[in-house]
Structure formats: C-alpha cells, structure tokens
Amino acid sequence: DATIYEQIDTALHTEFVGYDKCESEGKIVAMTTETELADVLSEGQTGTIVTDSTPFYATMGGQQGDKGVIKTAGAEFTVEDTIKLVGDKVGHVGKVTSGSFKLQEQVTLQVDEKLRKKTCQNHSATHLLQKALRDVLGTHVEQAGSYQDAERTRFDFSHFQAMTPEELYKVEAAVNAAIDKADPVVTKVMSIDEAKKTGAMALFGEKYGDEVRVVTMGDSVELCGGTHVKNTADIRQFKIISESGVAAGVRRIEALTGENVMNYYHRMEKNFRQAAVAAKTDPDSLRDKILSMTAEIKKLQGELESMKSKAAKEAAGDALSQVKDVNGVSILALRVDGADMNALRDLSDDLSAKLKNGVVVLAGELGGKVNLVTKATEDVIKKGAHAGNLIKAIAPLVGGGGGGRPNMAQAGGKNPAGIDEALAKAEEALRGMLG
C-alpha cells in the first residue's frame, strides 16, 4: 500500500551506486511490513527495506527493477522487485527467507547479475532499435513507451501503418550490424543545454532535471537513466518477434536479445521438426507437403459434398409418392438423416423443381444436432404459404429456432427426438397459413 511508504521520513534518500557494480554495502534506514513501518523484519515476513545506498536499479523509464538478495551474517532477504519511492528513496520489496533485519543495520546488497545482464542487453538494444527505426522509417518515429526486463524488450513508437516484412528485416539487420560494430557504450552526466548540443534523443513531454545522463553507443545518442551493457557486442544478437498496432498511429515491436534469441530458435526448430513428423515428411520438404495436403483436402471436401448430396437424394428415395395435399397445396415433409445443411438445401431445390408447385420440408439428424430446411414455390406463396413462418412454427419442437424468406428458410436444433413431430406439425402449420 503506497500510503505506508508516505510515512517514511522524507529527509531520507538512497544513493544509487549500481551503474558499474552489482554488489555493495549499505545501511538500513527504513523498513515496512505490508501494512506499517517496522523496526524489525523477521523470517517469513513480507516487506520493504530502504537503504542509504544500493546497487539495485528501481523500475523506471520502462526498465524493470533489479532482483537479488540483501544479506547480513545471519539473515537473508529475497528482493522480488525494486521500486522508486518519494524523495529519491529506493524500496527493495520482498521476503525475509532467514534470520531477521533491524533498523540501522549494515547489510550487503547483491543484484542478480544474470538477470541484470539480460535486462541491460534488452535496454541497450532498445536504443539501437530506435535509431534503426528512424533510419529505416523516417524521423517522425518517436518513442511512445517502452518496457525491458530479462526476457524481452517492448518498444512503442509513432508510425502510421504496419511495417512491411522488408522494413522489419532492414531494422533487425541494422541493429545486428550496430551490435557487430562493438562500439563502447559511453555515459556522461551533463547539463540539459550541453545534452541538447549533442543531439541526444529526449522523450517528448518528459521532465528532466538540470543535469542529465547521456548514453552514446555508435550513432545512437539518448538521454537515459537506465543501466546498460559496456559494449554493443555484449548484446550478442537481436531478433524481432512481433510488430503490431496498439493505438492510432502507434506501433509496437517486441524483440529478444542474447541467449533468449537462441532459446527462441531452439523452440522454433523443435516445433518445426514436430510439424514435419506430424506431416510424415522431413523439415526441408514441409512446405511442399503442406501445399499438397491442402490441395488434397480441398479435393476430398468437394467429393464429400457431392457424396452427401447424393446420399441425401437416395435417402429421400421415391419421395414424390409421399406428397400430401393440404387445402389444394402439395406438401412434401421428409426425414433425411446424415445430411448437412448444404446437402439439405440442394435436395430441397431438387425436390421443389420436381414438385413444380408446393412446399418442401426437410429435417434430419447429423452428429446429435438437427438441420431443418423449408422451401415454397411462388404460386403457393401467393396463396399464403411462407417458408420462414413454417420454420418458426416447427423449429421449437427440435429445440431450435430460425426463420427466413417466404420462399426459403432454415434452422438448427438440439433435440433430434422431436424431428418426426416437427414434420407432422408442418402440415398443420401450412393449413393455418392457407386458411
């Protein structure tokens, strides 16, 4: 709860010493549990420790805060998040895993170096990415938000349309070329006026103090308070995994660096090999196999459709012998199981043509569901018959609903047990329409 942090002495502040080291000594100047200020934090307790100096970077400017441990000779605190508190204080949020901690105690603070390294790789790559995007897309590109942790970098930027595969390739290649150049990452603290003279990229709308930190790597020059690799070569490699729109005029790129790129390729290769096995081919032939399988599926679907229509017609048998007369109008109400909606529609067209004048009602079960189709010819519509209203009258008997035009309608249902009753009711419903 943020209100607990407001109770910490406003005169206290934390010096950040983590730009060039991941371990340092410090003194505990404030502690909180989840609900109140504390003089002691004991084993099992969750809370926040504030020290007078720290190598832990607090979440800021899109860069995720460090994780690690705070130790004394007899106690250990696992830092799960590092946050910025009011008045230049840094809060180490986590849990006491052994022993206890007291106010004013000297502690050793150790950042998880592996996670820090990965986060730095992603953060430094983001600077190179912004430069590459401006070079490839144009100087209208400006940062609209970013996030980096140990897993990936996410960069939002102003651009008016989706990037093409060619543009993405050029940007990715430009970032990897900058990594290969092995430029040292140089950081200098200077006045805001001096920084402007260097041409450093600043975030629009961001408030900067009198002194700012300018981070230069090759052609990229930006104002930035975050942690970085020492040389662009330390990033090792860069891979864009997605590009998407997040708001009007704002695009988002997600990318990986370092060993995360190799892990990504290993996953892709594994999936690729499994896909090849499933398709009963080798990876090199997978594309051709998929194309031939797609063509085969299309051909079989066509054959299946014609077989269904044929089966539906055969199931209807000598249907015309089952035609009944309702007030001078012919009605043919048939049960045709195993036919899908397309097959029933084709059959209704066929029977309607043979009937010449009258109403056709078809119903059948397929996979535990019901398909219903009704059709009425023009001359019987003039007498009051209406295919859509006929469907409305009988569909509830098969647990469904539907409707349609006077000449043709269809519906689905969930209760096959009601099919025969629905077909019987079709005659009664038609009689009501004809008056």
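Everything here concerns the structure above.
Predicted model, so just to flag it, every value in this text is computed and none were measured.

Looking at the overall build of the protein chain
Part 1: Helix and strand counts for the protein chain stand at 10 helices and 23 strands.
Part 2: Taken over C-alpha atoms, the radius of gyration comes to 36 Å for the protein chain, far larger than the 22 Å a tight globule of 435 residues would show.
Part 3: In the protein chain, which comprises 435 residues, the share counted as buried stands at 43%.
Part 4: Contacts in the protein chain between residues at least 24 apart in sequence constitute 63% of all its contacts with a sequence separation of at least 6.

Regarding unusual backbone geometry
Part 1: Positive phi values are uncommon outside glycine, yet Ala-182 reaches one of about 55 degrees.
Part 2: Within the fold, Ala-182 resides in the loop between helix H3 (165–180) and strand S13 (185–191).
Part 3: Taking relative accessible area as the criterion, Ala-182 reaches 35% and is therefore assigned partly exposed.
Part 4: Positioned with a positive phi, Arg-236 is a non-glycine residue whose angle comes to about 75 degrees.
Part 5: With respect to the helices, strands and loops of the structure, Arg-236 is situated in the loop between strand S15 (220–223) and strand S16 (238–247).
Part 6: Given a relative accessible area of 44%, Arg-236 falls into the partly exposed group.

Structural notes on the packing of aromatic side chains
Part 1: Applying the stated rule across the entire model yields 5 aromatic pairs.
Part 2: A network of ring pairs unites the aromatic residues Phe-16, Tyr-19 and Tyr-57 as a single cluster.

Topic: the sheet that holds S16
Part 1: The antiparallel open sheet is built from 4 strands, whose spatial order is S11-S12-S17-S16. Of all the strands in the sheet, the pair left with one neighbour each is strand S11 (143–148) and S16. Along the sheet, successive strands turn relative to each other by an average axial angle of 15 degrees, direction set aside.
Part 2: Alignment of S16 against strand S17 (residues 250–257), held across 8 bridges, turns out to be antiparallel. Bridge pairing in S17 links Phe-238 to Thr-257.

Focus on a negative patch on the surface
Part 1: Residues Glu-23, Glu-25, Asp-112 and Glu-113 make up a contiguous surface patch of negative charge.
Part 2: As for its placement among the helices and strands, Asp-112 is situated in the loop between strand S10 (106–111) and helix H2 (113–137).

Describing the state of the cysteines
Part 1: As enumerated under the stated definition, the model contains 0 disulfides in all.
Part 2: Cysteine Cys-120 remains unbridged, with the sulfur of Cys-22 as its closest cysteine sulfur at 7.4 Å.
Part 3: Assessed through its relative accessible area of 5%, Cys-120 is described here as buried.
Part 4: Of the cysteine sulfurs around Cys-224, a residue in no disulfide, the closest is that of Cys-120, at 10 Å.
Part 5: A residue is classified by how much of its surface remains accessible, and Cys-224, at 12% relative accessible area, is buried.

Reading guide: rules and limits
Residues numbered from 1 in each chain as written. Predicted model: local features only at pLDDT ≥ 70, side-chain atom pairs only at ≥ 80, totals over all residues. Heavy atoms only, no water. Helix = DSSP H or I, 4+ residues; strand = E, 2+ residues; numbered from the N terminus. Rg over C-alpha atoms; globule rule 2.2 N^0.38 Å. Buried < 20%, exposed > 50% of the residue type's maximum accessible area, 1.4 Å probe, protein only. Contact = heavy atoms within 4.5 Å. Phe/Tyr/Trp six-rings, centres within 6.5 Å; stacked < 30°, edge-to-face > 60°. Pairing = 2+ DSSP bridges. Axes fitted to C-alpha atoms, helices over the stretch in contact; angles between N-to-C directions. Patch = residues over 30% accessible without salt bridge, like charges linked within 9 Å, V, L, I, M, F, W, Y side chains within 5 Å. Areas by Shrake-Rupley, 256 points an atom, 1.4 Å probe, with all protein chains shown as cover. Salt bridge = Lys/Arg side-chain N within 4 Å of Asp/Glu carboxyl O. Lys, Arg positive; Asp, Glu negative; His and termini not counted. Charge placed at Lys NZ, Arg CZ, Asp CG, Glu CD. Disulfide = S-S within 2.5 Å.

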